[in-house]
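Fold and geometry: a report
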Amino acid sequence: MKTSLKNQYAYTNNILITIVSAVFGYNLYQAIVHPEKSHLILSFILLAITYFVVKNMGTQPTTEKKKSKNLLRNL
């Protein structure tokens with residue numbers, strides 16, 4: 001829980017992943033049941049965009065992480 005509170009993007013990333021998962025699941029279902037109604041390519045593009053956003057935003061250290069890393073280096 002502490003990690004998610006210190007990372008300012010953690011909550012937003014979780015919401016984004018949930019929404020994209022739901023959209024991808026629905027489009028995958030449509031591709032299986034009604035192929036003419038599916039937008040599976042758009043879902044893959046959305047997954048790729050989400051992956052890069054979460055990867056970039058999820059790895060930005062907060063100031064507390066930077067401070068703790070500097071303290072560990074000094075020991």
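Just so you know, these numbers come straight off a predicted model, no measurement behind them.

Rules used in this analysis
Residues numbered from 1 in each chain as written. Predicted model: local features only at pLDDT ≥ 70, side-chain atom pairs only at ≥ 80, totals over all residues. Heavy atoms only, no water. Helix = DSSP H or I, 4+ residues; strand = E, 2+ residues; numbered from the N terminus. Buried < 20%, exposed > 50% of the residue type's maximum accessible area, 1.4 Å probe, protein only. Phe/Tyr/Trp six-rings, centres within 6.5 Å; stacked < 30°, edge-to-face > 60°. Polar contact = N/O pair within 3.5 Å; in protein donor to acceptor, adjacent residues only side chain to side chain. Contact = heavy atoms within 4.5 Å. pLDDT = per-residue confidence, 0-100. Expected span 1.5 Å × (residues − 1).

Some remarks on the overall build of the protein
Summing up its helical and strand segments, the protein has four helices and zero strands in all. Scanning the protein from its N terminus toward the C terminus, one meets helices and strands in the order α-α-α-α. Counting only residues that meet the buried cut, the protein has 12% of its 75 residues in that class.

Topic: the packing of aromatic side chains
The tally for this structure, following the rule as stated, stands at two aromatic pairs. Relative to F44, the ring of F24 lies with its centre 5.5 Å away and its plane at 55 degrees, an arrangement referred to as tilted. With F24 in helix α2 (residues 10-33) and F44 in helix α3 (residues 40-58), the pair connects residues that are 20 residues apart, well separated along the chain.

Considering the side chain of T50
Within the secondary structure, T50 sits in helix α3. On the basis of relative accessibility, which here comes to 7%, the residue T50 falls in the buried class. Of note is the side chain of T50, whose polar atom sits 2.8 Å from the backbone oxygen of L46. Contacts of T50, omitting those with residues within four sequence positions, involve L16 and V20.

Topic: the confidence of the model for the protein
Across the protein, the average pLDDT comes to 74, with 67% of residues at or above 70. Within the protein, the element-level pLDDT minimum falls on helix α1 (residues 2-6), averaging 55, and the maximum on α2, averaging 85.

Quick notes on α2
The end-to-end C-alpha separation of α2 is 34 Å, in line with the 34 Å expected for 24 residues at 1.5 Å each. When α2 is considered as a whole, its buried residues turn out to be A10, N13, V20, N27 and Q30.

A short note on the side chain of N27
Mapped onto the secondary structure, N27 falls in helix α2. Judged by its relative accessible area of 10%, N27 falls in the buried class. Here S43 takes part through its side chain, which lies 2.6 Å from a polar atom of the side chain of N27. The contact partners of N27, leaving out residues within four places of it in the chain, are S38, H39, L40 and S43.

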